[in-house]
Amino acid sequence: HVLENITKAVVSTQSTGVESGSQRGKELNAVMKEGKLVDMDTVIELLKEAVDKSHAANPDKIILLDGFPREMEQAKKFEEKVCKATYVLSFDCSNETMTKRLLSRAQTSGRADDNIETIKKRLVTFENATSPVLQHYLKENRLVCVSAEDDKGVIFSNTCKGLGLQ
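Residues numbered from 1 in each chain as written. Predicted model: local features only at pLDDT ≥ 70, side-chain atom pairs only at ≥ 80, totals over all residues. Heavy atoms only, no water.

To continue, consider the overall build of the protein. Secondary structure summary: the protein contains seven helices and four strands in total. Traced from its N-terminal end to its C-terminal end, the protein shows the element sequence β-α-α-α-β-α-β-α-α-β-α. Of all 166 residues assigned to the protein, the portion counted as buried reaches 33%. As displayed, the protein offers around 10,600 Å² of accessible surface, 51% of which is attributable to carbon and sulfur atoms. (Helix = DSSP H or I, 4+ residues; strand = E, 2+ residues; numbered from the N terminus. Buried < 20%, exposed > 50% of the residue type's maximum accessible area, 1.4 Å probe, protein only. Areas by Shrake-Rupley, 256 points an atom, 1.4 Å probe, with all protein chains shown as cover.)

Structural data, given as structure tokens:
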């Protein structure tokens, strides 16, 4: 099965201290509540920890980073301090679809940033910050774009095809 070849480097609210109420967690929660991006050095540090842990547990698997990189400087620092990305996967959908999905997630997530006001800010931030990243990886032929307007099965199938896993 194709999923046997993939592992996810997890940076969760638990691993960052958000759930425990640690000082780092409180700072991260405040940034997320404003719809802003967490500072790059912190993100890189958290990802390095997660990638190292994931690779140690699953050395032969593809590591998937969810929602990263979001800014060009993050992409550069990640490849400098952690590893070179083989692919950057972009799920493309309308702002309407994304808002609907995030509001649905809000029903169970408990995240401070899953509300309509913050989502609107996050979508603007996302577009402004990620467009140069996507253009960079497109030029390097490392960008895999998948339409996320379809149902989950079609999205999954197209993702596997785009990553050469089928």
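Next up on the list: a negative patch on the surface. On the surface, a cluster of negative charge is contributed by Glu96, Glu149, Asp150 and Asp151. Tracing the backbone shows Asp151 in the loop between strand 4 (143-147) and helix 7 (152-162). (Patch = residues over 30% accessible without salt bridge, like charges linked within 9 Å, V, L, I, M, F, W, Y side chains within 5 Å. Salt bridge = Lys/Arg side-chain N within 4 Å of Asp/Glu carboxyl O. Lys, Arg positive; Asp, Glu negative; His and termini not counted. Charge placed at Lys NZ, Arg CZ, Asp CG, Glu CD.)

Close contact between helix 3 (residues 40-57) and helix 4 (residues 72-81) brings their axes to 10 Å; oriented N to C, the two are set at 40°. Considering their axes alone, helix 3 and helix 4 lie oblique with respect to each other. Relative to helix 4, helix 3 is oriented so that their crossing is right-handed. In this structure, helix 3 uses Met40, Val43, Ile44, Leu47, Lys48 and Val51 to contact helix 4, whose residues at the interface are Glu73, Gln74, Lys77, Phe78 and Lys81. Residues of the contact of helix 3 with helix 4, tallied by class, amount to six nonpolar, one polar and four charged. (Axes fitted to C-alpha atoms, helices over the stretch in contact; angles between N-to-C directions. Parallel < 35°, antiparallel > 145°, perpendicular 65-115°, else oblique. Left-handed = near helix turned anticlockwise from the far one by under 90°. Contact = heavy atoms within 4.5 Å. Nonpolar A, V, L, I, M, F, W, Y, C, P; charged D, E, K, R; others polar.)

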